[in-house]
Amino acid sequence: MKIAQVSPLYESVPPRLYGGTERIVHYLTEELVAQGHEVTLFASGDSVTSARLVPITRRALRLDGGVVDQLVHHVRMLEMVWRASHKFDLIHYHVDYLHFPFSRRMRTPHLTTLHGRLDIKGLAALYRDFCEIPVVSISNAQREPLPHANWQRTVYHGLPPNLLRFNPDPSDYVAFLGRISPEKQADHAIRIARAAGIELRIAAKIDRVDRRYYRKIVEPLLSAGDGVTYIGEIGEDQKQDFIGNARALLFPINWPEPFGLVMIEAFACGTPVIAYRRGSVPEVMRDGVTGFIVDGPDQALDALRRIDRLDRREIRRVFEAHYTAERMAAEYLAVYRLLARDRSLPHAQIA
C-alpha cells in the first residue's frame, strides 16, 4: 500500500528526548516499510526514517526557540498533505482533529489515531459535528467520553522487539519516567519510595505549564532528604539502563491515561509496574503478572514490598505476545485495507 503518516511537529520522529506520539509514529512507520509498504512521512526536518520524508519544519518545534506560533506549521503541513493526497491509498493522521475540515472534503481514505485524553470540554460537540471521520483509540478506556465517535478499532501501542532488552538482574532502586506534572504525580512516587526505604530515580521533563507544580510540590520533596535522584529528561538510548535496571517502575497517575507507553517499555525489560487504577491501566496491565494495580499510596507501598515475587521473564513474555510493533502494524493494516477497499464506503467499522 501507499501510505502517508502525518505526525505532529512538536517532536522529531523519533523524538530525541520525550515524546510518546512521535515515537509511536516512528515504530509504526518503520514496521510498515519493513513489511514492504511505500510510506511517506510528513514530519519535522530533523526526523530520521526509512520512509520518504516530507520535511515541514527545519527541526522539531519544542526544541526550536524561534517558533512563536506552532499552529502555523501544522496548517501548512495539512495543506501539503491535501495537495499530495491523490498519491496515497490511505492517509493516517496523528494530529488530533486539526485535519477534520480538510479530510471531510478529501476523496482519499483516511484514518486518525487519537493519542490524547478525550474528556476535555467541547470535544463531544466537535466529534458530533464530524461524526463520519474514522478514528482509532489506543485503549477502550480512552473512548468513554466519546461513545458516539466513529470508532474503527482499538489498537494498543507496540515497540520493536529488540528496542529494549530483558534484564533478569535489576539493581536496588525504583524508577519514575515521563513528565513531572500533577496528573503523573511524581510526588506520590517520592513518598511511596521513601516509605519503603528504597531509592527512587526520576527521569522526567518539566513543561512550562507544570513548573509551578514542580516548584511548589516536587522540589521541596527532593530537597527534604536522601534517597531520591532527579536525573532530568532522558533519550531513547538511556531507557535500557534506566528502566531495565529498576526493581519496579512507579506509575501513580491521577488522570484518564489513554495508554501509558512507559508501561510496555518496562514490560519489554521485564521490569514490573506498580500503577494506580486509572484510565487504560487495567487494560494494559495484568495484575499480579506484569505488576500490581493499586488504589493509592498505601496499596502501592504494600505492592512494592511484594514486587520481587513476580517473574520478570513472564513479564517479557507478555510484552512479546501483545505489545510488539509487528502486532500494532498488522492491526492498523487491517483497518487501512477495509477503508481503502471501497472508497464509496470509507467509514465502515470492523470493531
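Described below are features of the structure shown in this document. From a predicted model like this one, the values you see are computed outputs, not experimental measurements. (Residues numbered from 1 in each chain as written. Predicted model: local features only at pLDDT ≥ 70, side-chain atom pairs only at ≥ 80, totals over all residues. Heavy atoms only, no water.)

**Topic: the sheet that holds strand S4 (residues 90–93)**
(1) Moving on: Taken in spatial order, the 7 strands of this open sheet run S3-S2-S1-S4-S5-S6-S7, and their pairing is parallel. Two strands in the sheet have a free side with no partner beyond their single neighbour: strand S3 (52–55) and strand S7 (150–154). Along the sheet, successive strands turn relative to each other by an average axial angle of 25 degrees, direction set aside.
(2) Moving on: In the sheet, strand S6 (residues 134–137) pairs with S7 via 4 bridges, with the strands oriented parallel. Note on S7: the bridge partner recorded for Val135 is Trp151.
(3) Moving on: Along the sheet, helix H2 (residues 70–84) makes contact with strand S1 (2–6), strand S2 (38–43), S3 and S4, crossing S2 at roughly 155 degrees. (Pairing = 2+ DSSP bridges. Helix = DSSP H or I, 4+ residues; strand = E, 2+ residues; numbered from the N terminus. Axes fitted to C-alpha atoms, helices over the stretch in contact; angles between N-to-C directions. Contact = heavy atoms within 4.5 Å.)

**Let's talk about helix H9 (residues 261–269)**
(1) Moving on: Across the 9 residues of H9, 9 count as buried, placing the element largely inside the fold.
(2) Moving on: Every buried residue of H9 is listed here: Leu261, Val262, Met263, Ile264, Glu265, Ala266, Phe267, Ala268 and Cys269.
(3) Moving on: At the C-terminal side of H9, Gly270 shows a positive phi close to 85 degrees. (Buried < 20%, exposed > 50% of the residue type's maximum accessible area, 1.4 Å probe, protein only.)

**Comments concerning the packing of helix H1 (residues 20–34) against helix H13 (residues 325–341)**
(1) Moving on: Where H1 meets H13, the closest approach of the two axes is 9 Å, and the angle between their N-to-C directions is 80 degrees. One element, H1, and the other, H13, form an angle in the roughly perpendicular class. Here Ile24, Tyr27, Leu28, Glu31 and Leu32 of H1 lie close against H13, whose contacting residues are Ala325, Glu326, Met328, Ala329, Tyr332, Leu333 and Tyr336. (Parallel < 35°, antiparallel > 145°, perpendicular 65-115°, else oblique.)

**Digging into the pairing of strand S12 (residues 273–276)**
(1) Moving on: Both faces of S12 are covered, namely the face carrying Val273 and Ala275 and the face carrying Ile274 and Tyr276.
(2) Moving on: Where strand S11 (residues 248–251) and S12 come together, 3 bridges link them in parallel fashion. The partner of Phe251 across the bridge, within S12, is Ala275.
(3) Moving on: With 4 bridges connecting them, S12 and strand S13 (residues 291–294) associate as parallel partners. Across the sheet, residue Ala275 finds its bridge partner in S13, namely Ile293.

**Some details on H1**
(1) Moving on: Compared with the 21 Å implied by 1.5 Å per residue over 15 residues, the 21 Å span of H1 between its first and last C-alpha is a close match.
(2) Moving on: Contacts from the buried residues of H1 go to S1, S2, S4, helix H8 (236–244), H9 and H13.
(3) Moving on: Within two residues after H1, Gly36 carries a phi angle of roughly 95 degrees, on the positive side. (Expected span 1.5 Å × (residues − 1).)

**Considerations on the pattern of salt bridges**
(1) Moving on: This model, assessed by the stated rule, comprises 23 salt bridges.
(2) Moving on: Glu233 is paired through a salt bridge with Arg62; the nearest N and O atoms lie 2.7 Å apart. Within this pair, whereas Glu233 is found in the loop between strand S10 (228–230) and H8, its partner Arg62 is found in the loop between S3 and H2, the two being separated by 171 residues in sequence.
(3) Moving on: Classification of Glu233 as partly exposed rests on a relative accessible area of 27%. (Salt bridge = Lys/Arg side-chain N within 4 Å of Asp/Glu carboxyl O.)

**So, the environment of Thr290**
(1) Moving on: Among the structural elements, Thr290 can be located in the loop between helix H10 (281–284) and S13.
(2) Moving on: Residue Thr290 is classed as buried on the basis of its relative accessible area, which comes to 0%.
(3) Moving on: C-alpha separation for the pair Thr290 and Leu111, spaced 179 residues apart in sequence, amounts to 31 Å.
(4) Moving on: When residues no more than four places from it in sequence are discounted, the contact partners of Thr290 are Phe267, Thr271, Pro272, Val273, Met285, Leu310, Ile315 and Val318.

**Things to note about a nonpolar patch on the surface**
(1) Moving on: A cluster of nonpolar side chains, Leu71, Val75, Tyr97 and Leu98, forms an exposed patch at the surface whose accessible area comes to about 320 Å².
(2) Moving on: Mapping Leu71 onto the fold places it in helix H2.
(3) Moving on: For Leu71, a relative accessible area of 46% translates into the label partly exposed. (Patch = residues over 30% accessible without salt bridge, like charges linked within 9 Å, V, L, I, M, F, W, Y side chains within 5 Å. Areas by Shrake-Rupley, 256 points an atom, 1.4 Å probe, with all protein chains shown as cover.)

**Remarks on the sheet that holds strand S9 (residues 199–205)**
(1) Moving on: The parallel open sheet is built from 6 strands, whose spatial order is S10-S9-S8-S11-S12-S13. Bordering the open sheet on either side are S10 and S13, each of which pairs with just one other strand. Pairwise comparison of adjacent strand axes, ignoring direction, gives a mean angle of 20 degrees for this sheet.
(2) Moving on: Pairing of strand S8 (residues 173–179) with S11 involves 2 bridges; the strand directions are parallel. Across the sheet, residue Val174 finds its bridge partner in S11, namely Ala248.
(3) Moving on: Each of S8, S11 and S12 touches H9; the most contacted strand, S11, lies at about 170 degrees to it.

Function cannot be read off these values alone, since they describe shape.
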